[in-house]
Each structure stands twice: as C-alpha cells, then as structure tokens.
Amino acid sequence: MRSVTYSMSVSLDGYIVGPDGGFDWTAPGDDVFRFWIDEIRQVGVHLMGRRLYETMLYWETADQDPSLDDAMLEWAALWKPLPKVVFSTTLSAVEGTARLASGGVAEEIERLRAEPGEGEIAIGGATLAAEAAASGLIDEYRAMVYPVLVGGGIPYFPQQERRVDLELVETRTFSSRVVYLHYRVPRQAPRGGQADG
C-alpha cells in the first residue's frame with residue numbers, strides 16, 4: 001500500500017509558519033535543497049491546502065526564470081508534472097497538473113490508495129496533516145528542523161487527544177545546522193500476515 005508522508009520545515013519550537021505568517025527562516029541551503037529534490041522523486045501525488053498551493057504556484061512557471069540555478073531548474077522539472085490535489089473551499093479552479101479535491105482528505109487518501117499508482121502520497125500543510133492524523137492515515141513524519149525559535153504561529157504537529165508512538169527511521173544533520181528527523185508510525189501486522197506500509 002502507498003505510504004502517506006507528512007514533510008515540512010519546522011522551527012525548533014514546533015512551527016511551520018511564524019506568528020507574523022512568515023517562513024523566511026526556512027530558506028534551504030544547497031545541501032538541504034538537494035535533499036528535497038531527492039525526496040520529491042519518491043512522491044507520486046502531493047496533497048495540499050490553498051495556502052501551500054498558492055505558495056508553490058511559482059514553480060509551475062519557474063523554468064522560464066533565467067536567474068534559476070541548475071538545482072532549482074531540476075526541482076521545477078520534477079514539481080511541475082507531479083500530480084497535485086488541492087483542498088480548498090474558496091478556489092474554483094487550479095492550474096497545471098493540480099485538481100481540486102471533491103471530498104475530505106481521508107476519502108481522497110483512500111481513493112488514491114485504491115487506484116493503481118506508484119510513489120508516496122505526500123501531504124503538505126499542517127491543516128491537512130491534522131485531519132489525516134486524526135484518522136490515523138499518516139504513515140511517516142519527516143521534519144526538517146531549523147535552528148530558530150519563532151514563538152508561535154502554525155504548529156507542525158496537530159493538537160489531538162491521542163498518543164501516537166513513533167519509530168525513528170533516519171536522522172541527518174546538514175551543514176546549515178538544520179536537522180532532518182524521519183519517523184514511521186508502526187502498524188500492527190494483520191493476523192497471519194505482514195505489516196503494511
């Protein structure tokens with residue numbers, strides 16, 4: 001079964017966006033950007049809310065920007081054709097390979113898992129991740145932790161009334177002092193079978 005992953009940059013105090021709505025502190029160094037390029041190669045479809053969709057719209061035409069370096073052009077070449085599902089109650093249309101979701105995130109994930117397809121189902125954005133986590137649908141959490149305290153804003157981890165134990169898969173420290181943490185949600189194996197994921 002296709003894994004559902006939640007990957008975002010996060011401040012050390014746990015926020016993806018600061019109290020002023022800014023996230024300029026997440027500008028990646030070269031090694032972090034190269035890592036994100038390698039990560040996006042594993043993604044088969046990307047789920048996102050309106051705010052992230054609008055932020056990422058730049059990459060739909062970024063290949064026309066003459067100031068982009070080779071790494072940015074490589075990212076744009078991978079991002080542009082990637083299927084995207086946008087969850088929004090205010091947008092009436094989306095561009096490129098994106099489509100508007102017709103239901104909730106749980107229904108969309110179940111539908112995508114039932115379809116033939118390769119690659120991870122990636123979730124971007126805390127609101128969608130909170131909804132998916134509440135339904136127990138996130139298989140992996142991947143946090144790129146930046147050495148900054150922003151003091152509030154939008155939290156990376158959803159506030160929920162249940163405990164979720166995690167297994168550490170990987171850690172990595174980058175030259176920019178950013179630390180990558182990759183955790184898996186352990187799944188119970190069905191009786192007489194293997195664990196999925």
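What you see is a predicted model; the values in this text were computed from it and never measured. (Residues numbered from 1 in each chain as written. Predicted model: local features only at pLDDT ≥ 70, side-chain atom pairs only at ≥ 80, totals over all residues. Heavy atoms only, no water.)

Things to note about the pattern of salt bridges
Point 1. Enumeration over the complete set of coordinates arrives at 16 salt bridges.
Point 2. Across the pair lysine 80 and aspartate 63 runs a salt bridge, and its minimum N-O distance is 3.6 Å. On the criterion of sequence distance, the pair formed by lysine 80 in the loop between helix 4 (70-79) and strand 4 (84-87) and aspartate 63 in the loop between helix 3 (58-61) and helix 4 is long-range, its members being 17 residues apart.
Point 3. A relative accessible area of 32% places lysine 80 in the partly exposed class.
Point 4. Residue glutamate 108 is joined to arginine 111 by a salt bridge in which the shortest nitrogen-to-oxygen separation is 2.6 Å. Taken together, the residues span about one helical turn, with glutamate 108 and arginine 111 both in helix 5 (residues 105-114) at a distance of three residues.
Point 5. On the accessibility criterion, glutamate 108 (2% relative accessible area) is buried.
Point 6. You can call arginine 111 partly exposed: its relative accessible area is 31%.
Point 7. A single network of salt bridges, built from pairs that share partners, joins Glu39, Glu120, Glu140 and Arg142. (Salt bridge = Lys/Arg side-chain N within 4 Å of Asp/Glu carboxyl O. Helix = DSSP H or I, 4+ residues; strand = E, 2+ residues; numbered from the N terminus. Buried < 20%, exposed > 50% of the residue type's maximum accessible area, 1.4 Å probe, protein only.)

Read these as geometric descriptors, not functional statements.
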